[in-house]
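Residue-level structure breakdown
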Amino acid sequence: MGIAVGIDLGTTNSAVSVVRPTGKPEVLKNKEGDSITPSVVLFQSFGGPDEPLVGEQAKRQAAAFPDDIVQHVKRYMGDPSWRFDSSSGAQYSAEEVSAIILKRLKEDAEIALGEEVTDAVITVPAYFDDARRTATKQAGQIAALNVLRVLNEPTAAALSYGIDADANGTVLVYDLGGGTFDVTILKIAGTEFEVIATDGDRNLGGFDFDNALMSYLNEELKKQGAPDALEDVALMASLREKAEFAKKALSTVPKTNVQFSANDQHYRVPLTREEFNEVTQSLMVRTQELVADVLEASKLTWDDIDKVLLVGGSTRMPAVRELVEQMSGKSPELDVNPDEAVALGAAIQATLEGDIEVSTEQVGSKATVESFLGGPVHISDVTSQALGVILIEADGVTEFNQVMIERNTKVPAKTELKTKTAYDRQTAVHVKVTQGDERDPQNVTIVGEGQLEIPVYPKGSPLRVSYEYDVDQTVVVEVHDLTANKSLGTIKIERVANLGEGELGEMEQKIGGMQIN
Ligand code: ADP
Ligand code: MG
C-alpha cells in the first residue's frame, strides 16, 4: 500500500495533509506552491477530449469562461439530476467533477511526497446525509483512491486542535466556509473526542455574503449609470470577483473602493466595513440561530462551553469574531488555522486507519501518531439525520415513517425491529429506508429500498431487522432469521440518489484516462 492522506474536499477550497514521521500532521503544498487548491474546474479542450484545469488557474479564468467553469460542485453531491455539459459535448456528474478535483490533489500530493498516494480519509460536513456521504466515497473511487472513511469536518478540526493545545474541555466548532455553515459541540478529554450535537446549513457560506454584496454594489453602480451587471453573465462574473476581493479587504481594513468597468466606462463605489456588515447581517443572524439550536440540542449553556474554534475562510470576517464574542462571552481560540485545521485532522485519521506500520522518510505510522498524541484516539460522533423505515398503519393502507435512530445519536448506532413473515412461502423481506424526523412520508427523504431473500417459512416466522449507521454514517440494514438464529446478511440498498456499480466503473475509466492540469 502507498501513502494515506487526509483530504479536505471543500466547497470552495481543498487541502491535502499527511502525518510526518514526527507524528505531527502537515499540509502539503500543491504544484503551484500553495497550501490550498480552489475547488474549481475549468473544462477546456483543444480540439480533442476535455482536459480539465483545476485550482487557482481555473479560478482566475472564471470570469473569462463563465460557461466552462464549475464551482461549488459539493453543493450538488448526491443530486442525481445535476449534470455539467462541457463545450466539447461531454457530460459530468457531481461525483465526476469532484473526482477530477481529487485526482489533481492526489497527483500534486504524489509530486510533493515522491511516492504513490493510494488511500485517503475525505472530510464531509457533519450534516451531510447518507446520499452525500456515499457520493463523496464514490468520487474517491472514481479518482482511484481507496477511501478509508469519510470524517466529519468539525471532528477533524477538533482532532487537529486537540494535538498541540491544552484542549481538554467542551468545544464549539463554528465553521463558515465558502458554501456551507457547520456548527458542532464536542468534548475533548485527552485523546477522547466525543461529539455531542451538530447542525448546519449547506447553503450558507462566503458565497452568499458575496451575493449580498454584489446586489448592493449593483444597485450603487446602476445609480452611477452602469448597466445591470446581474443581467449579463460576463459582467456578473466580474462583479463577483470584485465583491469577493472587497469582502476580503474589509476583513483587515475598515474601508475600500470597488472599481468596476463595463462598456469601456469605469466606476468606483466606496464601501465601508459597516456597510458590508449591514448588507450581510441577515446571513450572520442565520449562523447565530443555528448556533443557538445546537446549544439547545446539546442541552448545554454557554457556561459549559470552554472554547470556541473558528474554522473556514469566512471566519476571517471581523463580524464573525464579534458575533461569537457577543454570544458566548469568550474570545475564540487563536491557534487554529482556519484553512488547514480540517485537512490536518483528516491526515491524523488517515494514519490511524491506514495500515502503514512503520514510519517512512515522508510519513509517520499509526504508532508515531499515537505516541505524539499521548495515547490511542477515540472518536465518537453523532448522527446528523434521523433514520427510519416506512411502515403501514393498522388500516393496512396508509404509510408512515417510523424513526429508528434519532438525530444526534452516537455512531455507530444500531436499533432493531422484531417482525414476522407476513404470509406463507414469503421469500423476501423488503424495506424502504428513510431519513428525517417526521411521520408523514412526504416530509422525509427515501434513502433507498432494498430486498433480501429469506428461507421459506410458515407465515408468522420471527425475523429481526436491524438498522445501523456505520462510523461513516452510511446506512446498513441487516436481517436476522430468528428461527435458525442466524444473520441472513445485509440488504443491498438501491440508493436512489447514488450511482450504480456499472456507472461507477464507466466513470472510473473516463476520469482515469483524462489529462488533468
Ligand atoms: P470551503 O470550506 O467552502 O471550501 P473555505 O473555508 O476555504 O471554504 O472558505 C472560503 C471562503 O472564505 C470564501 O467564500 C472566501 O471568500 C472566504 N474568505 C477567505 N478569506 C477571507 C477573508 N480574509 N475575509 C473574508 N472572507 C474570506
Ligand atoms: Mg471547509
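Details of the structure are given in the entry above.
Residues numbered from 1 in each chain as written. Chains lettered and ligands numbered in written order. Predicted model: local features only at pLDDT ≥ 70, side-chain atom pairs only at ≥ 80, totals over all residues. Heavy atoms only, no water.

The next subject is the site of ligand 1. Around ligand 1 there are 18 residues in total, and Asn13, Gly178, Glu244, Lys247 and Ser251 lie nearest to it. Glu244 places a polar side-chain atom, nitrogen or oxygen, 2.6 Å from an oxygen atom of ligand 1. Within the complex, the protein chains bury 89% of what would otherwise be the 580 Å² of accessible surface of ligand 1. When residues of the shell around ligand 1 are traced back to their parent elements, those giving at least two are helix H5 (206-223) and helix H6 (233-249). For the shell around ligand 1, the element with the most residues is H6, which contributes three residues. In terms of residue class, the shell around ligand 1 is built from two nonpolar, 12 polar and four charged. (Near = heavy atom within 4 Å. Polar contact = N/O pair within 3.5 Å; in protein donor to acceptor, adjacent residues only side chain to side chain. Areas by Shrake-Rupley, 256 points an atom, 1.4 Å probe, with all protein chains shown as cover. Helix = DSSP H or I, 4+ residues; strand = E, 2+ residues; numbered from the N terminus. Nonpolar A, V, L, I, M, F, W, Y, C, P; charged D, E, K, R; others polar.)

Quick look at the side chain of Asn401 now. Here Asn401 lies in strand E20 (residues 399-405). In this structure Asn401 comes out as buried when scored by relative accessible area, which is 4%. In this structure the side chain of Asn401 is engaged in a polar contact, spanning 2.8 Å, whose partner is the backbone oxygen of Glu438. If near-sequence neighbours (up to four positions away) are discounted, Asn401 is found in contact with Gly388, Val389, Ile390, Thr434, Gly436, Asp437, Glu438, Arg439, Pro441 and Val444. (Buried < 20%, exposed > 50% of the residue type's maximum accessible area, 1.4 Å probe, protein only. Contact = heavy atoms within 4.5 Å.)

What follows deals with the packing of helix H3 (residues 130-142) against helix H12 (residues 501-512). Where H3 meets H12, the closest approach of the two axes is 8 Å, and the angle between their N-to-C directions is 45°. Here H3 is positioned oblique relative to H12, judged by the angle of their axes. Across the interface between the two elements, Gln138, Gln141 and Ile142 from H3 touch Glu501, Leu504, Met507, Glu508 and Ile511 from H12. (Axes fitted to C-alpha atoms, helices over the stretch in contact; angles between N-to-C directions. Parallel < 35°, antiparallel > 145°, perpendicular 65-115°, else oblique.)

This part is about the packing of helix H8 (residues 281-297) against helix H9 (residues 318-328). At a closest axis distance of 11 Å, the pairing of H8 and H9 adopts a crossing angle of 35°. The two elements H8 and H9 meet at a crossing, and its hand is right-handed. Packed against H8, whose contacting residues are Met284, Thr287, Gln288 and Val291, the element H9 presents Ala319, Val320, Leu323, Gln326 and Met327 at the interface. (Left-handed = near helix turned anticlockwise from the far one by under 90°.)

The next subject is H9. Buried within H9 are the following residues: Pro318, Ala319, Val320, Leu323, Val324, Met327 and Ser328. Those residues of H9 that are buried are in contact with strand E12 (169-176), helix H7 (273-279), H8 and strand E17 (307-311). Remark: Gly329 follows H9 within two positions and exhibits a positive phi of approximately 70°.

The strand order across the open sheet built from six strands is E17-E12-E13-E14-E18-E21, with neighbouring strands paired in mixed fashion. Taken across any chain shown, the strands that pair with only one partner, and hence form the sheet edges, are E17 and strand E21 (410-411). The pairing of strand E18 (residues 378-382) with E21 spans two bridges and is classified as antiparallel. Looking at E21, one finds that Val382 is bridged to Lys410. H8 contacts E12, strand E13 (181-189) and strand E14 (192-201) of the sheet and is inclined by roughly 135° relative to E14. (Pairing = 2+ DSSP bridges.)

Take the nonpolar core next. Core analysis: the biggest nonpolar cluster contains 46 residues, and Leu172 and Tyr174 have the highest contact counts within it. Once residues within four sequence positions are removed from consideration, Leu172 is found in contact with Val183, Thr184, Ile185, Val291, Trp302, Ile305, Lys307, Val308 and Leu309. Leu9, Val18, Val41 and Ile101 belong to the second-largest nonpolar core, a separate cluster that totals 44 residues. (Core = buried A, V, L, I, M, F, W, Y, C linked by side-chain atoms within 4.5 Å.)

Cis peptide bonds are those with omega within 30 degrees of zero, and the linkage from Val411 to Pro412 qualifies with -5°. Tracing the chain through its elements places Pro412 in the loop between E21 and strand E22 (413-420). Positive phi, close to 60°, is recorded for Lys299, a residue that is not glycine. Mapping Lys299 onto the fold places it in the loop between H8 and E17.

Looking now at the environment of Leu499. Structurally, Leu499 is set in the loop between strand E28 (494-495) and H12. Take Leu499: its relative accessible area is 11%, and that puts it in the buried class. Considered as a pair, Leu499 and Arg202 are 297 residues apart in the sequence and their alpha carbons are 21 Å apart.

Helix length check: helix H10 (residues 341-353), at 13 residues, gives a terminal C-alpha distance of 19 Å against a target of 18 Å (1.5 Å per residue), a fit within 8%. The element H10 is largely enclosed, with a buried count of 12 among its 13 residues. What H10 keeps buried is the set Ala341, Val342, Ala343, Leu344, Gly345, Ala346, Ala347, Ile348, Gln349, Ala350, Thr351 and Leu352. (Expected span 1.5 Å × (residues − 1).)

With that settled, the discussion passes to the pairing of strand E1 (residues 3-9). Across the seven residues that make up E1, a large majority, seven, are buried. Alternating positions in E1 separate into two faces, Ile3, Val5, Ile7 and Leu9 on one and Ala4, Gly6 and Asp8 on the other, with burial throughout. Bridge count between E1 and strand E10 (residues 117-124): five bridges; the pairing is parallel. Its bridge partner lying in E10, Ala4 is registered against Asp119. Across four bridges, E1 lies against strand E2 (residues 13-19) in antiparallel orientation. Looking at E2, one finds that Asp8 is bridged to Ala15. Once E1 ends, the chain turns through three residues before running back antiparallel as E2.

Further remarks concern a negative patch on the surface. On the surface, Glu274, Glu278, Glu322 and Glu325 cluster together into a negatively charged patch. Broken down by secondary-structure element, the contributors of at least two residues to the negative patch are H7 and H9. (Patch = residues over 30% accessible without salt bridge, like charges linked within 9 Å, V, L, I, M, F, W, Y side chains within 5 Å. Salt bridge = Lys/Arg side-chain N within 4 Å of Asp/Glu carboxyl O. Lys, Arg positive; Asp, Glu negative; His and termini not counted. Charge placed at Lys NZ, Arg CZ, Asp CG, Glu CD.)

Attention shifts here to the environment of Val258. The topology assignment puts Val258 in strand E15 (residues 255-262). We classify Val258 as buried; its relative accessible area is 5%. Sequence-wise, Val258 and Leu452 are 194 residues apart; in three dimensions their C-alpha atoms are separated by 62 Å. Ignoring sequence-local partners within four residues, the contact set of Val258 consists of Leu217, Lys242, Ala246, Tyr267, Arg268, Val269 and Leu271.

Aromatic ring pairs are reported here in terms of the distance separating the ring centres and the angle at which the planes meet. As enumerated under the stated definition, the model contains five aromatic pairs in all. On the numbers, 6.5 Å between centres and 80° between planes, the contact of Tyr127 with Phe128 is edge-to-face. Relative accessible area serves as the criterion here: at 3%, Phe128 is assigned to the buried category. Put simply, the rings of Phe43, Phe84 and Tyr92 pair up and form one aromatic cluster. A cation over a ring is seen here: Lys74 above Phe128, with NZ or CZ 6.0 Å from the ring centre. Above the ring of Tyr92, the side-chain terminus of Lys510 is found at 4.5 Å from the ring centroid. (Phe/Tyr/Trp six-rings, centres within 6.5 Å; stacked < 30°, edge-to-face > 60°. Lys NZ or Arg CZ within 6 Å of the ring centre and 35° of its normal.)

Read these as spatial facts, not as claims about activity.
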